[in-house]
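Examining the three-dimensional arrangement
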Amino acid sequence: MCGICGILNLKSPAPINNNHLRQMTYALGHRGPDETGAYIDNWIGLAQSRLSIIDLSSGSQPIHNEDQSLWIIFNGEIFNYPEIRESLIKNGHKFYTTTDTEVILHLYQEKKEQCLADLNGQFAFVIWDSVKNEFFAARDRVGILPLFYKIENEKLIFASEAKAIIEISDSVTKFDPIGLDQIFTYWTNLPGRTAFKDINELAPGHYLKFSPNNGISIYNYWSLPFDKNLLSEDKSIPDFTAEISDLMKDSIRIRLRADVPVGSYLSGGLDSSGITAFVKNYFNNELRTFGITFQEESFDESEFQNLVIKHLSTNHSEVHATNEDIGKYFSDIVYYGEKPIIRAAPVPLYLLSKKVRDEGYKVVLTGEGADEIFGGYNIFKETKVRKFWSVNPDSQFRPKLLQKLYPYIFKDKRLAQTLQTFFKLGIDDPNNDFFSHIVRWNNNLRLKNFFSDDLKEQIGSYNAYDDLKSILPKDFAKWDYVYKAQYLEIITFMSGYLLSSQGDRMAMANSVELRVPYLDHRIIEYMATVPSRFKIRGLNEKYLLKKVFKEFLPERIVNRPKNPYRAPIKNSFINNKFLDLNSILSEKEISHSGIFDSNKVNLLLKKALKAETLSELDNMALAGIISTQFLHNDFINYKRLNVPDDYRFNTFIDKRNISN
Amino acid sequence: MKIEIQYSEITKQFIIDNFLFGNGAKLDNDTPLFEKGIIDSTGVLELVAFVEDNFKVTVADEELVLENFSSLNAIEKFLQSKINQPVTN
């Protein structure tokens, strides 16, 4: 994996500032500490900081084709590159490295944008055709790897992280009011937007093209293939299980391709345990695993981790997340994540990737995506129960199923009836596009009460629900309600939060690459053909995946109730000597950033200091406000990085023949 | 002499401080607390605990229905009837 960045002239050739490229790669140094490289001509500057995983000796980027007309910078992995390479060689292509990077370039030469259909992987890359002056940038199907851009002064500035763009931007970066409104509704931005004004993200499954004559255009090349007509209604459970098992095996097999050892995260849940079991059984008996334990018992899963470690006898290392550490490193994860965040859960993952790196590993497999693709989340089951309830909204019996779903919320039996009322929201409109998520999102809306009057005014009449509605697929209304829920969860939470704030960013902060077997597009496409009644049987989630892993894992792991991965907020943030909340949330600081109402923030802090426990919403507000304040100091109230004079590109190709 | 205690006044201040964080402009005695999203599922726990602590009452299981806490007026009515009811052994 790597950090990529660059600057493209949009109107006419003009000298590209080499120092800007240096500043950008320097800002992305954590993504690629092994070496750097750059290419400059009259139109473009491409640069990259590399984390070497395949072809360690000769894979330096930018990489070119035979006649050096095409140049590429690439962040990611193409897992099926050996097969593609072989067929390209048969067609006469000549390679000077053994990298996957060079394979993309030749495939592009052959097929242009159609090349994306052949790629199985996680990627963000940029190709420059220096003869035709054509620019091509693409991002993987579900957004495992990031790519940001900004158009400024007739230039396109692009980078793996927004910080590299901010670093060289002519104007002072500001928060985007709409971007903030989205984050405090969905926990993340809708595809394309960021927390920063004028800085965009290339959406998952999209590519961007530019030529001086045609300008910039953006296209969608892949979307979640949910289509009623494609459902395999005639298959049996053993058919599904056998086919999923084969696909999983192959997905893991190609994700073990690397010139460095590959480890695996192990949480003690079904998803990561299943991957670990498959690697161990089919591919690598010496597997290294890594896991998190928590100081706070209610968050800790070590009992289950130990069960799997013993069962599979893996060589395991763990990182212990104390409340103090979670508070202490919260500012770090905001810097790397570049988004306000209403959870503390990324911090332990940041500590875990550091552990992986310290143990000499650069690449790990993780279980992300299984819950979205195979139907694991409570929100899917909640939708099912509410759908069942909606048939007879006055039933006393139907909503009782919610208690089965959320025993921890309903543990105070006295409140059962009152609680039910909250889940009743929207029950009279079961065909609503947002039926599955409306309870959760409406609850989040209350976070916006903390916004300052000024910010509210800037947001104006913008409505995040309408915005999301406008990007839904045309036939969305006709979909099965579980597919609708899956879709909404994937394009918001999974791509924007799980794979980013909690995924790539937390791993790359410590120069570690994540590989995500459940998000092999063949698996996503296959699971889209499985009727939802097989994904969740009654209220038994991930039914088919459990079947697949049954013979490889202890019974307790397969049948344990799903435990959401979380980290404590209040107990980590309050009375933590590394987090001076009186100063971070002081009236002066809050007024300075201008995002929140300082009186309200003050009352929230008072409440948090006094209360023994905080409600879910207050916890989210606390994390959201603190992280936004950190972000303000990191990127808005900002001093440029000090790039050392002796910081040089290891590879530098200069084809400029005009000067200032 | 009967002292009129306005339970809802005291409760209102609690709700403004703890759920609205100081902004009570939109909170009237008949504002629906749950429908308007002022109090959420876990907030109910806080509200009931406050009522029990402050007014020295114990809210019985069967009294924990939404109707008793749906608005400040409802809370007032509930507490008036609860506190003024004759003590029985």
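Definitions and cut-offs
Residues numbered from 1 in each chain as written. Chains lettered and ligands numbered in written order. Predicted model: local features only at pLDDT ≥ 70, side-chain atom pairs only at ≥ 80, totals over all residues. Heavy atoms only, no water. Core = buried A, V, L, I, M, F, W, Y, C linked by side-chain atoms within 4.5 Å. Buried < 20%, exposed > 50% of the residue type's maximum accessible area, 1.4 Å probe, protein only. Helix = DSSP H or I, 4+ residues; strand = E, 2+ residues; numbered from the N terminus. Contact = heavy atoms within 4.5 Å. Buried area = accessible area lost by both parts, 1.4 Å probe. Salt bridge = Lys/Arg side-chain N within 4 Å of Asp/Glu carboxyl O. Polar contact = N/O pair within 3.5 Å; in protein donor to acceptor, adjacent residues only side chain to side chain. Nonpolar A, V, L, I, M, F, W, Y, C, P; charged D, E, K, R; others polar. Phe/Tyr/Trp six-rings, centres within 6.5 Å; stacked < 30°, edge-to-face > 60°. Lys NZ or Arg CZ within 6 Å of the ring centre and 35° of its normal. Axes fitted to C-alpha atoms, helices over the stretch in contact; angles between N-to-C directions. Parallel < 35°, antiparallel > 145°, perpendicular 65-115°, else oblique. Left-handed = near helix turned anticlockwise from the far one by under 90°. Domains from an automatic or database assignment.

1. Here we look at the nonpolar core
Judged by nonpolar contacts, the single largest core of 229 residues is most densely connected at Phe125, Phe330, Phe573, Leu585 and Leu622 of chain A together with Ile15 and Phe69 of chain B. Per-element tally for this core: the top contributor is helix H19 (residues 481-508) of chain A, with 14 residues. With residues up to four places along the chain from it excluded, the contact list for Leu622 of chain A reads Ile569, Phe573, Ile574, Leu585, Leu604, Ala608 and Leu614 of chain A. Counting residues in each nonpolar core, the second largest holds 23 residues, with Trp71, Ile73, Ala137 and Ile653 of chain A among its members.

2. Regarding the interface of chain B and chain A
The interface is formed by 24 residues belonging to chain B together with 19 residues belonging to chain A. In total, chain B and chain A occlude about 1,900 Å² of area from one another, counting both sides; carbon and sulfur atoms represent 61% of this. Sorting the residues of chain B by area buried against chain A places Phe21, Asp40 and Leu64 of chain B first, and these three jointly supply 33% of that buried surface. Across the contact surface, chain B and chain A share one salt bridge. Counting the contacts that link chain B with chain A gives three residue pairs in polar contact (both at pLDDT 80 or more). Among the elements of the structure, helix H1 (7-18) and helix H2 (41-55) of chain B are those that each provide at least two residues to the side of chain B that touches chain A. Ranked by residues supplied to the side of chain B that touches chain A, first place goes to H2 of chain B with seven residues. Of the residues belonging to the side of chain B that touches chain A, the class tally is 13 nonpolar, six polar and five charged.

3. A closer look at the packing of aromatic side chains
Residues and elements named next belong to chain A. Throughout the structure, instances matching the rule amount to 55 aromatic pairs over all chains. Between Phe226 and Trp479, the aromatic rings sit 5.5 Å apart at their centres with planes inclined by 85°, giving edge-to-face as the arrangement. Linking Phe226 in the loop between strand S12 (215-220) and helix H6 (237-255) with Trp479 in the loop between helix H18 (464-470) and H19, this pair joins segments that are 253 residues apart in sequence. Accessibility assignment for this pair places Phe226 and Trp479 in one class, buried. Through a chain of ring-to-ring contacts, three or more aromatic side chains come together here, namely Phe74, Tyr108, Phe123, Phe125, Phe136, Tyr207, Tyr219 and Tyr221. Here the guanidinium or amino end of Arg386 rests over the ring plane of Phe435, the centre of that ring lying 4.4 Å away.

4. A few points about the packing of helix H2 (residues 81-90) of chain A against helix H3 (residues 100-111) of chain A
Residues and elements named next belong to chain A. Between H2 and H3, whose axes approach to 10 Å, the crossing angle comes to 50°. Here H2 is positioned oblique relative to H3, judged by the angle of their axes. Regarding H2 and H3, the two cross each other, and that crossing is left-handed. Taking contact as the criterion, the partners of Tyr81, Ile84, Arg85 and Leu88 in H2 are, on H3, Asp100, Val103, His106, Leu107 and Glu110. Classifying every residue of the contact of H2 with H3 by side-chain character gives five nonpolar, one polar and three charged.

5. Observations concerning the domain arrangement of chain A
Residues and elements named next belong to chain A. Partitioning chain A into structural domains gives domain 1 (2-222), domain 2 (228-373 + 486-559) and domain 3 (570-636). Once you take the C-alpha centre of each, domain 2 and domain 3 turn out to be 31 Å apart. On the side of domain 3, 18 residues touch domain 2, which itself brings 17 residues to the contact. Interface of domain 2 and domain 3: buried area, both sides summed, is about 1,500 Å²; carbon and sulfur atoms make up 68% of it.

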